[in-house]
Structures are given as structure tokens and as C-alpha cells.
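# Structural overview
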Amino acid sequence: MGLIDDRFEKNFATDAVDTVLNLGRAYSLWPVAYGLACCAIEMIHTMTARWDLARFGAEVFRPSPRQADVMIVAGTVTHKMAPILRRLYDQMPEPKFVIAMGGCATAGGPFRTYSVVQGVDTIVPVDIYVEGCPPRPENLIRAFILLQERVKQMTIAKSPRVPAPPIRIEA
Amino acid sequence: MIPAQRDIGSLLLGDLAERLPGAVRELSRSCGECYLRVEPERLKELARFLKEQQAWQFAFLANISPVDWLTRAPRFEVVYHLRSLVFNYRLGLKVDVPDQSLSLPSLTGVWRAADWLEREAYDLFGVRFSGHPDLRRIMMPEDWQGHPYRRDFPLAGRAAE
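Residues numbered from 1 in each chain as written. Chains lettered and ligands numbered in written order. Predicted model: local features only at pLDDT ≥ 70, side-chain atom pairs only at ≥ 80, totals over all residues.

### Considering the nonpolar core
Where we set the bar: Each nonpolar core reported here comprises buried Ala, Val, Leu, Ile, Met, Phe, Trp, Tyr and Cys residues connected via C-beta atoms within 7 Å. To sort residues by exposure, count the other C-beta atoms lying within 10 Å of each residue's C-beta; 20 or more gives buried, 12 or fewer gives exposed, and values between give partly exposed, all with C-beta atoms placed from the backbone. Working definition: helices are DSSP H or I runs of at least four residues, strands are E runs of at least two. Numbering for both runs from the N terminus. Two residues qualify as a contact pair if the distance between their C-beta atoms, derived from the backbone, is within 7 Å.
Of all hydrophobic cores here, the largest spans 38 residues; its most connected members are V73(A), I99(A), A100(A) and M101(A). When contributions to this core are tallied by element, the ones reaching two or more residues are α2 (38–47), β1 (70–74), β2 (97–101), α4 (102–107), β3 (128–130) and α5 (137–152) of chain A. Beyond its immediate stretch of four places on either side in the chain, V73(A) contacts V98(A), I99(A), A100(A), M101(A), A105(A) and V120(A). Membership of the second largest hydrophobic core comes to 34 residues, among which are L43(B), Y80(B), W111(B) and V127(B).

### Description of helix α3 (residues 114–125) of chain B
Residue and element names in this part refer to chain B. We count it as follows: Any helix carries an expected span of 1.5 Å times its number of residues minus one.
With 12 residues, α3 should cover 16 Å at 1.5 Å per step; its first-to-last C-alpha distance of 16 Å lies within 8% of that length. The buried count for α3 comes to 9 of 12 residues, which makes it a mostly enclosed element. Buried within α3 we find A114, L117, E118, R119, A121, Y122, D123, L124 and F125. Where α3 is buried, its residues contact β3 (60–68), β4 (76–84) and β7 (128–130). Directly beyond the C-terminal end of α3, a positive phi value near 80 degrees is found at G126.

### Some points on the pairing of β1(A)
All names here are of chain A. Put simply, the rule reads: Here, a strand pair is defined by DSSP locating no fewer than two bridges between the strands. By convention, a crossover is right-handed whenever its connection, traced from the first strand over the helix to the second and viewed with the strands pointing away, goes clockwise.
The element β1 is extensively covered by neighbouring structure, given that 5 of its 5 residues are classed as buried. Across the two faces of β1 the burial is the same, with V70, I72 and A74 and M71 and V73 all buried. Here β1 pairs with β2 via 5 bridges, running parallel. When the bridges of β2 are listed, M71 appears paired with V98. With respect to chirality, the unit in which β1 leads through helix α3 (residues 82–91) into the neighbouring parallel β2 is right-handed.

### A short note on the packing of α2(A) against α5(A)
All names here are of chain A. Short version of the rule: In this description, a line fitted to the C-alpha atoms serves as the axis of each element, helices being fitted only across the stretch in contact, and the angle between N-to-C directions of two axes falls anywhere from 0 to 180 degrees. An angle below 35 degrees is read as roughly parallel, one above 145 as roughly antiparallel, one from 65 to 115 as roughly perpendicular, and any other as oblique. For this classification, Asp, Glu, Lys and Arg are treated as charged, while Ala, Val, Leu, Ile, Met, Phe, Trp, Tyr, Cys and Pro are nonpolar and the rest, including Gly, are polar.
Orientation of α2 relative to α5, taken along the N-to-C sense of each, is 75 degrees, at an axis distance of 9 Å. When the axis of α2 is compared with that of α5, the two are roughly perpendicular. Taking contact as the criterion, the partners of E42, M43, H45 and T46 in α2 are, on α5, P137, L140 and I141. Across the contact of α2 with α5, the residue classes break down as 4 nonpolar, 2 polar and 1 charged.

### Some thoughts on unusual backbone geometry
Residues E94(A) and P95(A) are joined by a peptide bond in cis, for which omega reads -10 degrees. Position of P95(A) among the secondary structure elements: in the loop between α3 and β2. Here the bond from C133(A) into P134(A) is cis, since omega is -10 degrees, no more than 30 degrees from zero. Structurally, P134(A) is set in the loop between β3 and α5. Here the phi dihedral of L102(B) falls at roughly 50 degrees; this positive angle occurs in a residue that is not glycine.

### Let's talk about the sheet that holds β3(A)
Strand-to-strand pairing in sheets goes through backbone hydrogen bonds, with the strands running parallel or antiparallel. Residues and elements named next belong to chain A. Pairing is parallel in the open sheet, where 4 strands are placed in the order β1-β2-β3-β4. Lying at the two open borders of the sheet, with one neighbouring strand each, are β1 and β4 (167–169). Direction aside, the axes of adjacent strands within the sheet are offset by 15 degrees on average. Two elements, β3 and β4, share 3 bridges in a ladder whose sense is parallel. From the neighbouring strand, I128 faces β4, where its bridge partner is I167. Against the sheet, α2 contacts β1 and β2, and its axis sits at roughly 130 degrees relative to β1.

### Here we look at the pairing of strand β2 (residues 33–38) of chain B
All names here are of chain B. Taking every second residue as pointing to the same face, the buried face of β2 carries C34, L36 and V38, while none of E33, Y35 and R37 on the other face is buried. Taken together, the 6 bridges between strand β1 (residues 24–30) and β2 define a ladder with antiparallel strand orientation. Residue pairing across strands places E26 opposite R37, the latter belonging to β2. Counting the residues between successive antiparallel strands, the hairpin from β1 to β2 contains 2 residues, one of them, C31, with a positive phi of roughly 55 degrees. Two elements, β2 and strand β5 (residues 89–96), share 4 bridges in a ladder whose sense is parallel. Residue pairing in the sheet places Y35 in a bridge with G92 of β5.

### Looking at the environment of T19(A)
Tracing the chain through its elements places T19(A) in helix α1 (residues 17–26). In this structure the C-alpha to C-alpha distance between T19(A) and K152(A), which are 133 residues apart in sequence, comes to 7.3 Å.

### A look at the sheet that holds β2(B)
All names here are of chain B. On the basis of which strands lie adjacent, the open sheet formed by 5 strands has the order β1-β2-β5-β4-β3 and mixed pairing. The open sheet has two edge strands with one neighbour each: β1 and β3. Direction aside, neighbouring strands of the sheet carry axes that sit 25 degrees apart on average. Lying on the sheet, α3 is in contact with β3 and β4; it crosses β3 at an angle near 10 degrees.

As C-alpha cells, then:
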């Protein structure tokens, strides 16, 4: 045993599995890279150097839903797009989260028409609603921070499928 | 000397009276544009003439816009917007859609652009185009009921009624 004596003291920390796992999850949220309308432009701005979402650990936008944790519904969801959005959501691995960004995704926005879904929560479960038309990047960043808080509350002892009440971020 | 846009109406009428007599009912002008009212049966023939004649060369079908007059008979009218890129002419063709058939001859054989434009007109207004190779919906979901640009279609959709 003489080989490992006193050699790892500085390299180990002990904590609950939840803490380690949640820390990893919370600071490596990977969003699905897709947008539906003008909110997507603000979402893209959130990634740029001025706002730099990477500071909060959500920098990797994935073009495949199979590699993503977060779906940002950024824009107007039409009835034609709805089944595609649902399919993307179904392809994401658990645990997964949905941010409804802006008025359209939240409740149809100004489009009270035959072609627009009146709120994306009729298709997928939403964790965070972000107000605004479109929301500023700061608001989207706040959504991510709150989402991280939520992720840190998770425990492997319970199924992540148990829905937590949604959060609403005011503009 | 190439005739100017403002002169093409009367020149076209003269040319058509000679080569395709009876195809055009009247000429109207609005905001510098000129429109020919065309008989549905002669539409395809006239379209091909306008596209292929060296003096006109309306090679570009820019848009097909149906109009729902709702209380008028016939209820629907379809306007074809043509451009001659060579001479920089603009021309509209107005065609009344027969109420019984709600159908016009397809112009896909003349302009390839008519394919999607006619699908759009069919999807949103319910005007059919006989001879179209693939007359499916293009905007709305395929299982959608109704034609939302008709003036008696509720804006918020049937479900909201």
C-alpha cells in the first residue's frame, strides 16, 4: 500500500452522487439548435460575444436532438410545424427541459389565427416561460440560470419525469 | 424602338385581335398596370402566346393571386401576374373561375413556376387547376379541412368557433 499512501489527498473530494451529477448537468446544458421566428435571432444574439451564454455553461447548440438537453422554442409554432417539434422533443434523451421563449411560444402571441398553435405547452411540457416579444438576451440567460437552479434540485432517487411547476420570467 | 410599359395595353389588344381573336374580353388599367380579362377556355392558349412571342416574351410568371368576391357571381377570380424581363413589361391576366367546377386549366405546361403557385391557390382558396401534375396542399398541413383565405373562413379557425 505504500505506493498510494498520501498521494491522492489533494485530488479527491467526497459528496453525494446527486451533487456531482447535477453540477455536470446544470453547467453543460446543450440546447437544440433550431429557431422558428424572430425570437431565434435574439437566441442567436444570446450566443454571441456581447451576451455570451457560454459563460453560464450552455454554449453547445446541437444540430441533433439526440445530443441535446434543452429545447428553446424560439418563435411562432404553426400547426404544420407542431408534429415536427413534438418529434424533435421525443428524440431528446431524458432528462430534458423546454424553454418557451417569447409570446408566440407561450400563448400564440399576436397570432390568434387558424394556423398558429396557441401555446407550445399544448404539445410539449414547458419548464420555463420567457416573456417578451422577442425577449432580450438577458431574459433568456435568466431562463438558463433558473433552469440550472432547477437542475440542481434534481435527484437520481426520483424520476425526472415528475413535472415541476413551470417558471414564468417577466419582461 | 421598344414600346414603353404605358403603351403595351393597346398594342397587345391590337396584336391579340389579329392573332387570337376572342381570347380577351377587355383591357383595364390601374396604377400604371394593365390587365386583360381572359376567357377561361382560351387561357392556356393566350399564356403560351404571351410567353413565346418574340415581341412580348412574358417568360416570368411572378404570381397567381385568387380573389374571393364572396357575394359576386362568379365568386372567384384568379389574377396571373406576368413579367417580360427582356422588355421590362408587366401584365396581369384576370380570369373568372366558373362557379360550377371551381376549376381553371393549369398553366404548369407553360410556366414551371405555376406548379407551386397553383398549389398555393388551391390550398388557400380551393380553386382547382385541371391538368396540374400534383395538386396537393402546400402551406397548410395535409389533413387540414377547408380553405383559410376564403372570406367566409373564421380567422381564429374552425375550432375557435
